[in-house]
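Read off the chains here:
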Amino acid sequence: MYIETPLVESRALSERLGKSVWMKIEAMQPTGSFKARGIGHACAVYKERGARRFVSSSGGNAGLAVAYAGRKLGVPVLVVVPETTSERAKHLIGMENAEVVVHGKSWDEANRFALASCTSADAFLHPFDDPLLWEGHATMIDEVARARLEPDAVVLSVGGGGLLCGVAEGLRRNGWERVPIVAVETEGADSYARSLAAGERIELSAITSIATSLGARSVCAEALALAKLRPVASIVVSDRQAVAGCFELLTEHRIVVEPACGASVAALDALAQEAELRDARNILLIVCGGVGTSVDQLNRWRTATDPNTETA
Ligand SMILES: *Cc1c(COP(=O)(O)O)cnc(C)c1O
């Protein structure tokens, strides 16, 4: 359902930071992102409980992970996506033999249709708010522990907070509950940063960042609750910085990732400003991946987010 991913020290990032930066390269998962872990685990459990079909409303990495898990487990998959979903995304999901149904102008409409399509024989896979997902995501930290790397901080991206909850679970079950997690978002998709500041769950009225995989209008309740139980720092970067982070991974490590992932690379520069991280030596960077981009797209974004480019 998922592979053990490489854990590689980045010389380039380590040199720049003056710390050891270890990359857990989830971009190498067969579905291009960490989602394979949690969704694979959840699908396996739902199959065991009798699910005859898996249903998802994600045209992104979550939908692709459900389609992949369904093919691997021999369970049919329905993915409902809105009209805005790219041909490429539909193609990738279709390649995993899932049924792709286009419904509605926005994700909300597609999601409502997907939920309404569910019968009692179906399992609906939420993209981030499910303890089974977190249990599966946690395996990436088990692998780090087995490799005998003890991180002083973990840097990861936050959309709805599923990755955050999974990594927190992995750290907890390996005796590392005091290791700080640095939660990174982009401006315009910063529902977690705003919720932390407000002390309650904030719902964004719209997502304005290009990092669409971080575009949950509100995070799951568990993500907010965790910040009261363990050290969590929050960093927000611009779209421009996130794209620069993508180019850094591309140039230094020949890996293509979405801005949702580049954001975490970009956030490394801000680490030195976090008082409790100044003495951290080993930084674990979750390279969460994402298939929703290409080198051409990254180039277009770089031009579009360049303040020196005139826009009509
Ligand atoms: C899903 C996803 C995220 C955000 O994960 P959450 O669990 O929603 O916080 C970040 N990056 C990529 C590439 C993703 O697929």
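The rules we used
Residues numbered from 1 in each chain as written. Predicted model: local features only at pLDDT ≥ 70, side-chain atom pairs only at ≥ 80, totals over all residues. Heavy atoms only, no water. Domains from an automatic or database assignment. Contact = heavy atoms within 4.5 Å. Buried area = accessible area lost by both parts, 1.4 Å probe. Salt bridge = Lys/Arg side-chain N within 4 Å of Asp/Glu carboxyl O. Polar contact = N/O pair within 3.5 Å; in protein donor to acceptor, adjacent residues only side chain to side chain. Helix = DSSP H or I, 4+ residues; strand = E, 2+ residues; numbered from the N terminus. Nonpolar A, V, L, I, M, F, W, Y, C, P; charged D, E, K, R; others polar. Near = heavy atom within 4 Å. Areas by Shrake-Rupley, 256 points an atom, 1.4 Å probe, with all protein chains shown as cover.

### A few points about the domain arrangement of the protein chain
Part 1: In terms of domain boundaries, the protein chain breaks down into domain 1 (7-34 + 131-305) and domain 2 (36-124).
Part 2: Taking only C-alpha atoms, the centre of domain 1 and the centre of domain 2 are 24 Å apart.
Part 3: Each side of the interface is counted separately: domain 1 has 21 residues, and domain 2 has 15 residues.
Part 4: The contact between domain 1 and domain 2 buries some 1400 Å² in all, and 56% of this surface belongs to carbon and sulfur atoms.
Part 5: If you sort the residues of domain 1 by the area they bury against domain 2, T31, L132 and V291 come out on top, with a joint share of 43%.
Part 6: A salt bridge links D108 to R217, with the shortest nitrogen-to-oxygen separation between them at 3.6 Å.
Part 7: Counting across the domain 1 and domain 2 interface gives eleven residue pairs in polar contact (both at pLDDT 80 or more).
Part 8: Those elements that provide at least two residues to the side of domain 1 that touches domain 2 are α6 (131-137) and α7 (139-146).
Part 9: Class assignment for the residues of the side of domain 1 that touches domain 2 results in six nonpolar, nine polar and six charged.

### Some points on the site of the ligand
Part 1: In the neighbourhood of the ligand, 16 residues make up the surrounding shell, with K35, G159, G160, G161 and L163 lying closest.
Part 2: Residue K35 places a side-chain N or O atom 2.6 Å away from an oxygen atom belonging to the ligand.
Part 3: G159 has a polar backbone atom sitting 2.7 Å from an oxygen atom of the ligand.
Part 4: Expressed as a share of its isolated accessible area of 380 Å², the protein-covered part of the ligand is 97%.
Part 5: Its residues assigned to classes, the shell around the ligand shows seven nonpolar, eight polar and one charged.

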